[in-house]
Amino acid sequence: MFSATAFWECEAPRDLLISNGLATMGFALPAAIGAALAAPERKIIAFTGDGGLAMCLGELMTAKQQASPLVVVVFNDASISLIDIKQQARDLPSEGVRWARPDFARVAEGFGLRAWRARTEDEYRAAIASALASSGPSLVDVHVDPSGYPAQIRALRG
Ligand SMILES: Cc1ncc(C[n+]2csc(CCOP(=O)(O)OP(=O)(O)O)c2C)c(N)n1
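Criteria and cut-off values
Residues numbered from 1 in each chain as written. Predicted model: local features only at pLDDT ≥ 70, side-chain atom pairs only at ≥ 80, totals over all residues. Heavy atoms only, no water. Helix = DSSP H or I, 4+ residues; strand = E, 2+ residues; numbered from the N terminus. Buried < 20%, exposed > 50% of the residue type's maximum accessible area, 1.4 Å probe, protein only. Lys, Arg positive; Asp, Glu negative; His and termini not counted. Salt bridge = Lys/Arg side-chain N within 4 Å of Asp/Glu carboxyl O. Polar contact = N/O pair within 3.5 Å; in protein donor to acceptor, adjacent residues only side chain to side chain. Contact = heavy atoms within 4.5 Å. Phe/Tyr/Trp six-rings, centres within 6.5 Å; stacked < 30°, edge-to-face > 60°. Pairing = 2+ DSSP bridges. Axes fitted to C-alpha atoms, helices over the stretch in contact; angles between N-to-C directions.

1. Digging into the side chain of Asp-77
Alright, step 1. Along the chain, Asp-77 turns up in the loop between strand S2 (70-76) and helix H5 (81-89).
Alright, step 2. No salt bridge forms around the buried Asp-77; measuring N to O, its nearest opposite-charge neighbour Arg-101 is 6.7 Å away.
Alright, step 3. Side-chain polar atoms of Asp-77 contact the side chain of Ser-81, separated by 2.8 Å.
Alright, step 4. The residues contacting Asp-77, other than those within four sequence positions of it, are Asp-50, Arg-101, Val-144, Pro-146 and Tyr-149.

Right, here's the structure in full:
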């Protein structure tokens, strides 16, 4: 959330929806479906962590039923990184924050969405372009290495 929203360039009000303050997980996909209902002529992108998406996976079915013109981009780092980073900062053992990387592209296909996997920046660019060019909801499963997050958070939050 921090990385995606800090660098997103807005041109008009409501170009960016974010759960500010509480920053609740599971917000991006339902918010994107709502945004698509409110402005069906716009293409919507939902940026989400894998933990956040896992909390509201069933909404992929809603997006399919609504034929929402949205792209779900899941930054799949196989962990709830923010908590992982806090554990590491306090020298605590890693506990309950990492898992085997889910195949969200396959999950999305199971719900009837089109889906792509991206493991490099070039694959990511190509997948986003294909997803934006397709109609209805789609998903890009981006495999992310979370090792750069602590430095990124220090830079953004001080
Ligand atoms: C509903 C909810 N539960 C718990 C939290 C506390 N929390 C903040 S970030 C985070 C981890 C998010 O994991 P993920 O969505 O995979 O994103 P990542 O940090 O890995 O980029 C948690 C548990 C929250 N913000 N919202």
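2. Some points on the packing of aromatic side chains
Alright, step 1. As enumerated under the stated definition, the model contains 3 aromatic pairs in all.
Alright, step 2. Look at Trp-8 and Phe-47: their rings are 5.6 Å apart centre to centre, the planes differ by 65°, and that puts the pair in the edge-to-face class. Linking Trp-8 in the loop between helix H1 (2-7) and helix H2 (28-38) with Phe-47 in strand S1 (residues 44-49), this pair joins segments that are 39 residues apart in sequence.
Alright, step 3. Looking at Phe-47, the relative accessible area reads 26%, which means it is partly exposed.
Alright, step 4. Their ring planes at 55° and their centres at 6.4 Å tell us that Phe-75 and Tyr-124 sit as a pair that is tilted. Residue Phe-75 is found in strand S2, and its partner Tyr-124 is found in helix H7 (residues 121-133); the two are separated by 49 residues along the sequence.
Alright, step 5. An aromatic cluster of three or more residues is present, and its members are Trp-8, Phe-47, Phe-75 and Tyr-124.

3. Some thoughts on the sheet that holds S1
Alright, step 1. Pairing within the open sheet is parallel, and its 4 strands lie in the order S1-S2-S4-S3. With one partner strand each, in any of the chains shown, S1 and strand S3 (114-118) form the two edges of the open sheet. Strand-to-strand twist of the sheet, defined as the mean angle between neighbouring strand axes without regard to direction, takes the value 20°.
Alright, step 2. As judged from the 6 bridges shared by S1 and S2, these two strands associate in the parallel manner. Within the sheet, the bridge partner assigned to Phe-47 lies in S2 and is Val-73.
Alright, step 3. Contacting S1 and S2, H2 crosses the sheet at an angle of about 170° to S1.

4. Structural notes on the pattern of salt bridges
Alright, step 1. For the structure shown, the criterion picks out 5 salt bridges.
Alright, step 2. Here Asp-103 ties to Arg-117 by a salt bridge, and the two come within 3.1 Å at their closest N and O atoms. Taken together, the residues span a long stretch of sequence, with Asp-103 in the loop between H5 and helix H6 (104-110) and Arg-117 in strand S3 at a distance of 14 residues.
Alright, step 3. On the basis of relative accessibility, which here comes to 29%, the residue Asp-103 falls in the partly exposed class.
Alright, step 4. We classify Arg-117 as partly exposed; its relative accessible area is 35%.
Alright, step 5. The network of salt bridges with shared partners includes Glu-121, Asp-122 and Arg-125.

Read these as spatial facts, not as claims about activity.
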